[in-house]
Amino acid sequence: MRYENLLDSLGGTPLVGLPRLSPSATVRLWAKLEDRNPTGSVKDRAAFYMVTQAEKDGLLSPGSTIIEPTSGNTGISLAMVAKLREYRLIVVMPENTSEERRQLLRMYGAEVIESPAAGGSNEAVRLAKQIAGEHPDWVMLYQYGNEANARAHYETTGPELLADLPEITHFVAGLGTTGTLMGVGRYLRERKPAAKIVAAEPRYGELVYGLRNVDEGFVPELYDESVLTTRFSVSSADALRRTRELVASEGIFAGISAGAALHAGLAMAAKAVAEGERADIVVLIADAGWKYLSTGAYDGTLEEAEGRLEGQLWA
Amino acid sequence: MAIEVRIPTILRAYTDGAKQVEGTGSTLGELIADLDSKHGGLGERLLDDGGLRRFVNVYLNDEDVRFLGGLDTPVRDGDTVTVLPAVAGGAG
């Protein structure tokens, strides 16, 4: 495949069967390999759409400063786009994220402001909003509430899936900003009303839920519960175990959030088998494992890996 | 046997610091009422106008109860209920 530049190569990622993880010939699992995007994650789609929309709206011109709260992948995607379009990028990222993300961001020329580990991404969002408030000329794309994030998936990921797998019955993905699930979910439901849209939410160690009271909680503005069929909370242990199964059974070296999505996908597969229904279940692989090597997720026993992951934001 | 309920750090003031408590009931609503009778004030932190509070997520065996039937979701001995505050997820 030939493209004029890197951004043009966005999307069009492979959909590959998971024959060894699929329970039967009529209940099949598929993996959408989003690590095959320009910076190696699904977030390239949202970053490109959000920047393009801001340019159309006249908010950005060369030399503009973008500030964004992110746990890593969106920041890396934005850093690449910002580099090519000559914007300055400042990311606000929780300190309990992997070292690889920090190095990649710096490599692309982004500035990194760390937010406290306690409180996880909530704190990154709060701090980024505060800093943006102090600099009215800076642009916060705000992935948690930017419709272009979900639209990227409505216009690209969803159509790719339906074209490659017209018989799709389930779509399973990690729940973060909710953009992937909202965009793909709406697209599929319009065309296949019976499609099941399933969220896999990471369940972290207690540090991440270190709020002072429940009213400080956070629900992304993009989130619309009615798009989802169901939502699973997936522990670090289950996500790690499934991430390793992806390598062992199918040869796919994926990030840990992909393991969480696979865990939810296998639960839906078991349900389809129990009910005697045909199923073609797509699990979204948000990124590859490279950025998580330093967490020790792939090394030693599962218990050791789980211990090392305690308190880390792995998705 | 009873239903095991995992309590997040911010609500442990109501459970004398316990990470996990037990309760009974045939629905989630009954279970929460039972918990509130043993741990006064807990119910009010979870419920608002008769439904779950916006920033409170409750999972029955890891599945969000909002998709199962809310407070009417049937629960059984041996189930695990996890209460967590809604936070900005990862993957961002």
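Below or above, wherever it landed, is the structure these notes cover. All of these numbers come straight from a predicted model, not from anything done at the bench.

Here's the deal with the overall build of chain B
For chain B, the helix and strand inventory stands at 2 helices and 7 strands. In summary, chain B has a C-alpha radius of gyration of 12 Å against a globular reference of 12 Å for 92 residues, a match within 12%. C-alpha extents for chain B along the principal axes are approximately 40 × 30 × 25 Å. Looking at chain B as a whole, 38% of its 92 residues are labelled buried. Summarising the internal contacts of chain B: among those between residues at least 6 apart in sequence, 45% fall at separations of at least 24.

Observations concerning the interface of chain A and chain B
Interface size is commonly expressed as the accessible surface area that is lost when the partners come together. Across the boundary between the two partners, chain A contributes 41 residues, which contact 24 residues of chain B. Elements with a contribution of two residues or more to the side of chain A that touches chain B: α4 (120-134), β8 (196-203) and β9 (230-235) of chain A. Ranked by residues supplied to the side of chain A that touches chain B, first place goes to β9 of chain A with 5 residues. For the side of chain A that touches chain B, the class distribution of residues is 18 nonpolar, 17 polar and 6 charged.

What about the sheet that holds strand β3 (residues 65-69) of chain A?
Residues and elements named next belong to chain A. Sheet architecture is open: 4 strands sit in the order β5-β4-β3-β6, paired in parallel fashion. Strands with a single pairing partner mark the edges of an open sheet, and in this sheet they are β5 (111-115) and β6 (139-140). Both strand β4 (residues 88-94) and β5 contribute to a ladder of 5 bridges, which runs parallel. Its bridge partner lying in β5, P94 is registered against S115.

Brief notes about the nonpolar core
All names here are of chain A. In terms of nonpolar packing, the biggest core is built from 128 residues, with F171, V172, A200, A261 and V283 touching the most fellow members. By residue number, the principal contributor to this core is helix α8 (residues 256-274), which donates 10 residues. When neighbours within four sequence positions are excluded, F171 is seen to be in contact with L161, V184, G185, L188, A195, I197, V198 and V282.

Focus on the environment of G119 of chain A
All names here are of chain A. Looking at where G119 falls in the secondary structure, it is placed in the loop between β5 and α4. A tally of 23 C-beta atoms within 10 Å means that G119 is categorised as buried. Separated by 93 residues in the primary sequence, G119 and R212 have C-alpha atoms spaced 9.4 Å apart.

Section: the packing of helix α1 (residues 43-56) of chain A against helix α5 (residues 147-164) of chain A
Residue and element names in this part refer to chain A. Interaxial distance between α1 and α5 falls to 8 Å at its minimum, and their mutual angle equals 115°. Every pair of crossing elements has a handedness; the one defined by α1 and α5 is right-handed. Contact residues: R45, A46, Y49, M50 and Q53 in α1; A148, N149, R151, A152, H153, T156 and T157 in α5. Grouping the constituent residues of the contact of α1 with α5 by class yields 5 nonpolar, 5 polar and 2 charged.

So, how was this worked out
Residues numbered from 1 in each chain as written. Chains lettered and ligands numbered in written order. Predicted model: local features only at pLDDT ≥ 70, side-chain atom pairs only at ≥ 80, totals over all residues. Helix = DSSP H or I, 4+ residues; strand = E, 2+ residues; numbered from the N terminus. Rg over C-alpha atoms; globule rule 2.2 N^0.38 Å. Buried ≥ 20, exposed ≤ 12 C-beta atoms within 10 Å, placed from the backbone. Contact = placed C-beta atoms within 7 Å. Nonpolar A, V, L, I, M, F, W, Y, C, P; charged D, E, K, R; others polar. Pairing = 2+ DSSP bridges. Core = buried A, V, L, I, M, F, W, Y, C linked by C-beta atoms within 7 Å. Axes fitted to C-alpha atoms, helices over the stretch in contact; angles between N-to-C directions. Left-handed = near helix turned anticlockwise from the far one by under 90°.

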